[in-house]
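Listed below are the residues making up each chain.
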Amino acid sequence: IETIENRLYDLTYGNQDQEQGSLFDFRDLNLVFFDTTSVSIRTEVEGLFERGYSKDHRPDLSQFIVGLVMTQNGDPLCHYFHPGTMADVNAFKAAIEDVSLRFPIKRLIWVADCGCVSKEILEDLTSREIEYIFASRMRSETLIRDKVLSTPGRFKRYDDNLSYKMAQDGNERFVIVKNAAQEKR
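Keep in mind that what you see is a predicted model, and the values were worked out from it rather than measured. (Residues numbered from 1 in each chain as written. Predicted model: local features only at pLDDT ≥ 70, side-chain atom pairs only at ≥ 80, totals over all residues. Heavy atoms only, no water.)

Now, about the packing of aromatic side chains: what can you tell me, with residues and values included?
One pair of aromatic rings is described through two measures. These are the centre distance and the angle between the planes. Taken as a whole, this structure holds 6 aromatic pairs when the rule is applied. Ring pairing ties together the aromatic residues Phe34, Phe92, Trp110, Tyr132 and Phe134, which thus form one cluster. One Lys or Arg, Lys178, reaches over the ring of Phe155 and ends 4.3 Å from the middle of that ring. (Phe/Tyr/Trp six-rings, centres within 6.5 Å; stacked < 30°, edge-to-face > 60°. Lys NZ or Arg CZ within 6 Å of the ring centre and 35° of its normal.)

Listed below in structure tokens is the structure:
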């Protein structure tokens, strides 16, 4: 996978004949997506490869965790390898720190799923004035659910399966999205 970090390395240490304009322009970057997956392997080697929560339902195998940060255009910005027992929330926390230190990005909005979110991460991002968009399970997030559902107005239809409703609370905006196909399950 060609990543931005590989292009930066090539420009700094090798392939000096690249044009400056071909390097990624961080001025255009303001939205990044983060996610992880587990990769299961058959090995007796310990360290990076450990048994942990297996996203591919193979608790009998050792695994490692791959974290990926992508730009709004779908370009990989950087990637991470973690021990197989690392929780998504800890992988996300490490990515936030690393990206903040390595890349000269002035305004950055992180997008991640609910497995990457914790109260500590929300407080850290808020205190550093870093913006974010996170998915959340409506059943477990009563504060969000109650704020949005108590706001006057109906859900607006987006397409055949999706409808949404928004609420504003100070600087925070909450959105609940209903997926009709998921509700039937």
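Picking up after the structure, the text goes on.
I'd like to hear about the confidence of the model for the chain, residue by residue, with values.
The predicted model of the chain has a mean per-residue pLDDT of 80, with 82% of residues at 70 or higher. Looking over the chain, one finds the lowest element-wise mean pLDDT in helix α1 (residues 4-13), namely 55, and the highest in helix α2 (residues 88-102), namely 92. The low-confidence segment residues 16-23, where pLDDT is below 50, has 10 contacts with residues more than four positions distant or belonging to other chains. (pLDDT = per-residue confidence, 0-100. Helix = DSSP H or I, 4+ residues; strand = E, 2+ residues; numbered from the N terminus. Contact = heavy atoms within 4.5 Å.)

Tell me about the pairing of strand β4 (residues 109-112), and name the residues and values.
Taking every second residue as pointing to the same face, both faces of β4 are buried, with Ile109 and Val111 on one and Trp110 and Ala112 on the other. Relative to β4, strand β1 (residues 31-41) runs parallel, the two sharing 3 bridges. Considered in β4, the bridge of Phe33 is made with Val111. Note that β4 and strand β5 (residues 131-134) share 4 bridges and pair parallel. Bridge pairing links Trp110 to Tyr132 in β5. For the crossover that starts at β4, traverses helix α3 (residues 119-127) and ends in the parallel β5, the hand is right-handed. (Buried < 20%, exposed > 50% of the residue type's maximum accessible area, 1.4 Å probe, protein only. Pairing = 2+ DSSP bridges. Right-handed = clockwise from strand over helix to strand, strands pointing away.)

How would you explain the side chain of Ser38 if you had to name every residue and give the values?
Structurally, Ser38 can be placed in strand β1. On the basis of relative accessibility, which here comes to 7%, the residue Ser38 falls in the buried class. A polar atom in the side chain of Ser38 sits 3.0 Å from the backbone nitrogen of Lys55. Contact partners of Ser38, with chain neighbours within four places excluded, come to Tyr53, Ser54, Lys55, Asp56, Gln63, Phe64 and Ile65. (Polar contact = N/O pair within 3.5 Å; in protein donor to acceptor, adjacent residues only side chain to side chain.)

An account of the sheet that holds β5 is needed here, citing residue identities and associated values.
Pairing is mixed in the open sheet, where 5 strands are placed in the order β3-β2-β1-β4-β5. Unpaired on one side and paired on the other, β3 (76-83) and β5 mark the two borders of the sheet. On average, adjacent strands in this sheet sit at an angle of 20° to one another, irrespective of strand direction. Two strands pair when backbone bridges link them, and strand β2 (residues 62-71) and β3 are joined in this way by 7 bridges, in the antiparallel orientation. The partner of Val66 across the bridge, within β3, is Phe81. Taken strand by strand, α2 contacts β1, β2, β3, β4 and β5, and its axis lies near 135° from that of β3. (Axes fitted to C-alpha atoms, helices over the stretch in contact; angles between N-to-C directions.)

Explain the environment of Glu131 to me, and be specific about the residues and the numbers.
Following the sequence through the fold, Glu131 ends up in strand β5. The class of Glu131 is partly exposed, set by a relative accessible area of 33%. Remark: the alpha-carbon pair of Glu131 and Val111, spanning 20 residues in sequence, is separated by 9.0 Å. Look past the residues within four positions of Glu131 in its chain and what remains in contact with it is Arg107, Leu108, Ile109 and Trp110.

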